[in-house]
Amino acid sequence: MKRNSFFRRVSGVIFCVGILVLVNPDLSAEYRPPTGGEDRDQFISPLLLGRGFSVTGTESPTASIMNPAAGARTQRTTLDLAYVGLNDFGGEGLGGHVVSAGAAFPNRYGVFSGSAQFLRSELDDMRLGTGGAAHFSAAKEVFDDLLVGAGLNLYGGSADRTRIAGGLDIGFIQYGGPYAPLPNFRFGAALKNLGNFYDPVSGRTGFPSSFTPAFGIGFTPLSTDRVELDLSGDLSFPFFQNARLNLGSTLSFGDVVDVFAGWQIDLRQTVDFPEAERRSLLPSFGVGINLVLPAADNGSVEAGSPANEERRGELRTRSAAAPLYQDVWAFSAGVNVPLGVIDRNPPEIRTDYREHVYFAPNNNGVNDYFDLGITISDERYVMGYVLRIEDTDGNIVREIRNRDPRPQERNFRTFTEQLLAARAGVEIPESLRWDGTTNAGARAPDGDYLLYLESWDDNDNHAEQGPKLVTVDTTPPALELERPASEDRRFVLSDDGLSYEFTIQQSGSVEDRWLAEFVDDSDTVVRSFVFEDEAPSGITWDALDSSGMLVPDGIYRYRIQSTDRAGNTTTEELTNIFLNTTPTPITASINMGYFSPNNNGRNDEVRISLSVPIRASLRSWDLLILDARGQTVRSWSGQTEVPDHVEFNGRNESGTLLPEGVYQARFSAYYQNGHRPESVTPEFVLDLTPPTASVQLETPVFSPDGDGVLDTALFFQESSAEPQWTGVLRNEAGAQVREFRWRDRAAFRFEWDGRTEDGTPAPDGLYTYYLEAT
């Protein structure tokens, strides 16, 4: 902490400053002339009964002289130094001196205080001789509202005789509780000087008196940012033979200026002593100024910055005056210096919160709770923290808290445990966990929640961090995946026939990321699709892997998965997706190019032969007869069974004979993998009209003797267009002598030179010419 470095810087000037009032309660004595032989109670009473100088005072270390419990809440090492002068205005002048020095040292086990005083007074009205005193005390805040303490007092000196004495003090101060009808109410009690008397003056009782119980109360009726008024009152019973009443008040202005006054009355002095021997009934009074020490400038902190402000200290000055006996007055001045500053800074809260946290408290073992990593530190002690969860309407849903572990039950055992225990704050866990339940133990509904983390220290400095947005989401991503029948889970050729395709139809909710994958039978991902910040939509896989290569034939599986921010996961699969790219050729052929379905027994039908080498995965086939315009005039179809051939008789579905013309057959097959092979036959002609022809002979007689006259027989002929015309010459016996062939049409004009097939001259005779076509 900064206390040590500050002490090194200010300790050199502490004893040079002499303007602080330090009211030592053991400075003045009741004066009783030695005549009469009465041993009256001698008590060095407070000069001032202001803040810190009553049974309920707390200004360390001198307040511990009045009540050893007073210093229990001291947070800083505190030093003080004071001087009191006793002046007789009746003629003796300055004849008495008191020097006092003290210190208070807080630690985890309590606050330990000590002070020492030196006294010398030879005034006739206050002949106290020369002596000294030492006071040691230990105090502790056992409970939030209870301070206890014990002290040891040592006295020694001489006036007309030398004496040494000592005694013990015990005391407590109780704050609030059922005894708090007024603001900042406190009640204190002390049993002082449990030991022997210190009586250096013959004919006097000891001072201060032994076995003196004292009781006090205090409260603050007025407290604002600028003005505070504190009142206190003590009642003590010296040696159980007297009663004294002390009243005090302190008026503070902004923690800068204190004005205080005190008044004391002694019952025995008032009743038994002559007026000349009584202590003055005039009040004591004083003023204090609290100075803020500038921070030490080490060059590391900018002057005037908040960090620099925190490193400042205080210097409390006090000066006071009190009428004592006859014309004797006491004047005091002193300085009280707390080393360092009171912790006014709230605890420092750090968390590992990341922006907008999601979790799903559905007890599935995945992200079932929200862990908030925390670190809370303070200059002193962190006394509690609370994690507050609110809904968006500001209603508190859950509180997770821890506070000072000091017990609420008060008995001898807990009192002893707290008295001996070291002061510590609450244990700070590494994280705070919200499992999504409410204070009532029910699960919080899905939705957004705001988290606030608050912590406070033993000085009631509060820090809060938040709001932090947390979403409870137990609803997994929504997905609808269309599941086609098993026979439809096959790749098909695209419409352009250039690729294979398989289409997935799906829809779902918008999520950060959907991952869709196609995997092979070894569970290797061959292709993936990603939907980011959108809903999944239909996918068409072209059977290519991520590198653009066609995947092997086989069975594939499709899976799609999304995990939302809360950890909810949705996974769907589609199995047995079959890819078969094996070619499936088919052929269709005809046995003739012309036919005449006239039921004459010749060429009445065209045989269309069908060849299907691969029949596995064949779904259907069809055979269409198309006319010259491409219109279907006859069809056959089937499923997996394909006939070897089909006979086409030239009729349509209703049995009507089709018109003459050119026709063609188209054979198609449909496979489950989308293949649609097709084969088209050559054209064939349906012809019901016989060939027509006419022949004319120029001369029925010719003589092929080479004389240039009628050497050939000249034929003129006309014919219809047919595949082939044949002209045949036969002799009288009907035997063929010569043959001629023409395609399409017979030659319009041709000559026969009278020779046979082998080129020899035919014998003279009668010959017949035939022109025929089929």
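One can find the structure itself at the top, above this paragraph.
Now for a quick tour of the structure. Think of each chain on its own: its residues are numbered from 1, step by step along the sequence as written. Only residues with pLDDT of 70 or above have their local features reported here, since the model is predicted, and side-chain atom pairs are shown and tallied only from 80 upward, although totals for entire chains, interfaces and linings are computed over all residues. Each side-chain value is derived from all of the structure's non-hydrogen atoms; neither hydrogens nor water enter the calculation.

So, about the overall build of the protein chain. Under the scheme used here, helices are H or I runs from DSSP no shorter than 4 residues and strands are E runs no shorter than 2 residues, and both carry numbers assigned from the N terminus. For the protein chain, the helix and strand inventory stands at 5 helices and 46 strands. Only protein chains enter the area calculation, which uses a 1.4 Å probe; residues under 20% of their type maximum are buried, those over 50% are exposed, and those in between are partly exposed. Counting across all 774 residues of the protein chain, residues that qualify as buried make up 47%. Throughout, a contact is declared for two residues whenever any of their heavy atoms are within 4.5 Å. Counting only contacts in the protein chain whose residues sit at least 6 apart along the sequence, the fraction spanning at least 24 positions is 60%. Carbon and sulfur atoms make up 52% of the accessible area of the protein chain, which amounts to about 38000 Å² in all. Only the protein chains shown count as cover for residues, and the accessible areas themselves come from Shrake-Rupley with a 1.4 Å probe.

Turning to the sheet that holds strand β42 (residues 713-719), a few remarks are in order. With respect to topology, 3 strands assemble into an open sheet ordered β41-β42-β45, the strand pairing being antiparallel. Unpaired on one side and paired on the other, β41 (693-697) and β45 (749-752) mark the two borders of the sheet. Neighbour-to-neighbour, the strand axes of this sheet turn through a mean angle of 25°, independent of strand direction. In short, DSSP must find at least two bridges between two strands for them to pair. Where β42 and β45 come together, 4 bridges link them in antiparallel fashion. Its bridge partner being in β45, L714 is matched across the sheet by E751. Structural elements are reduced to axes, namely lines fitted to C-alpha atoms, with helices fitted over the stretch in contact, and the angle between N-to-C directions of any two is expressed from 0 to 180 degrees.

Let's shift gears to the nonpolar core. Of all hydrophobic cores here, the largest spans 26 residues; its most connected members are I608, L610, L623, I625, F648, F667 and F684. Taken together, the elements giving at least two residues each to this core come down to β32 (587-590), β34 (606-611), β35 (618-626), β36 (632-638), β37 (645-648), β38 (661-671) and β40 (684-686). Looking at which element gives the most residues to this core, the answer is β38, with 5 residues. Contact partners of L610, with chain neighbours within four places excluded, come to T587, A588, L623, V642, P643, D644, H645, V646 and F667. With 23 residues, the next largest nonpolar core counts I349, I374, I376 and V470 among its residues. Buried Ala, Val, Leu, Ile, Met, Phe, Trp, Tyr and Cys residues that are joined via side-chain atoms within 4.5 Å together make up what is termed a nonpolar core.

The omega torsion across G466 and P467 is 5°, close enough to zero to call that bond cis. Relative to the elements of secondary structure, P467 occurs in strand β22 (residues 462-472). In this structure, D255 is a non-glycine residue whose phi angle is positive, near 60°. Here D255 lies in the loop between β10 (244-253) and β11 (257-266). A positive phi angle, near 60°, is found at D460, a position not held by glycine. Residue placement: D460 occurs in the loop between β21 (447-457) and β22. Relative accessible area serves as the criterion here: at 53%, D460 is assigned to the exposed category.

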